[in-house]
Amino acid sequence: MPNIDGPPHDLGRLIEVLDRHGVEYLMVGGVAAIGYGAERPTEDADCVVRRERSNLDRLAVALRELNARLRVGGMADAEAKLLPVQIDGKTLDMAGMSTWMTDAGPFDVLAGLEATNGRLVPYEELAERASVIEGDGFVIRAASLEDIIIAKERADRVQGSRGST
């Protein structure tokens, strides 16, 4: 199990805050895979959000409520809390992908999922194939299992090719 510096993963709280603020998002990664029946534990939540400015503004409000701070490799959570980061829709739009530590644990915001041809598939296309999954006390919208598997395979190939010479 990875060593996460910061609060533990609290999916129920994260979903409650995102939903209360009306954020349009799809869970992807480990959380969605577990919803589809995978048994591999996950220590974070990954989502793809609609890139519309009003949605990113709502996401920013949710992140601020969760006391979000950047998750930076090599930097302790206590140090990251001291970084002067402006969390608003414009900043989130410019970032594309961002990794956060929140009071509900680690949370990654993605602009889309990678397709087999390397193209980034945006929220709108993923949403057409998404599923509603009921979990233990919560309901999520998740990207399709096929989209998640393709993105995971692409990520594994890219990571594998970085290690080869």
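Below, the structure is looked at part by part. (Residues numbered from 1 in each chain as written. Predicted model: local features only at pLDDT ≥ 70, side-chain atom pairs only at ≥ 80, totals over all residues. Heavy atoms only, no water.)

1. Here's the deal with the nonpolar core
- Of all hydrophobic cores here, the largest spans 42 residues; its most connected members are Leu18, Met27, Leu59, Phe107 and Leu113.
- Other than its neighbours up to four places away in sequence, Leu113 contacts Val28, Val48, Arg119, Leu120, Val121, Leu126, Ala143, Asp147, Ile148 and Ala151. (Core = buried A, V, L, I, M, F, W, Y, C linked by side-chain atoms within 4.5 Å. Buried < 20%, exposed > 50% of the residue type's maximum accessible area, 1.4 Å probe, protein only. Contact = heavy atoms within 4.5 Å.)

2. A look at the side chain of Thr102
- Locating Thr102 in the fold gives a position in strand β4 (residues 98-102).
- Within the local environment of Thr102, its side chain forms a polar contact with the backbone nitrogen of Ala104, the two atoms lying 2.9 Å apart.
- Within the structure, Thr102 has its side chain in polar contact with the backbone oxygen of Gly105 (distance 2.7 Å).
- Once residues within four sequence positions are removed from consideration, Thr102 is found in contact with Pro7, Leu63, Leu66, Asn67, Ala68, Arg69 and Phe107. (Helix = DSSP H or I, 4+ residues; strand = E, 2+ residues; numbered from the N terminus. Polar contact = N/O pair within 3.5 Å; in protein donor to acceptor, adjacent residues only side chain to side chain.)

3. Section: the pairing of strand β5 (residues 105-110)
- Within β5, six of the six residues are buried, leaving the element largely enclosed by the surrounding structure.
- Hairpin connection, β4 to β5: the antiparallel pair is bridged by two residues. (Pairing = 2+ DSSP bridges.)

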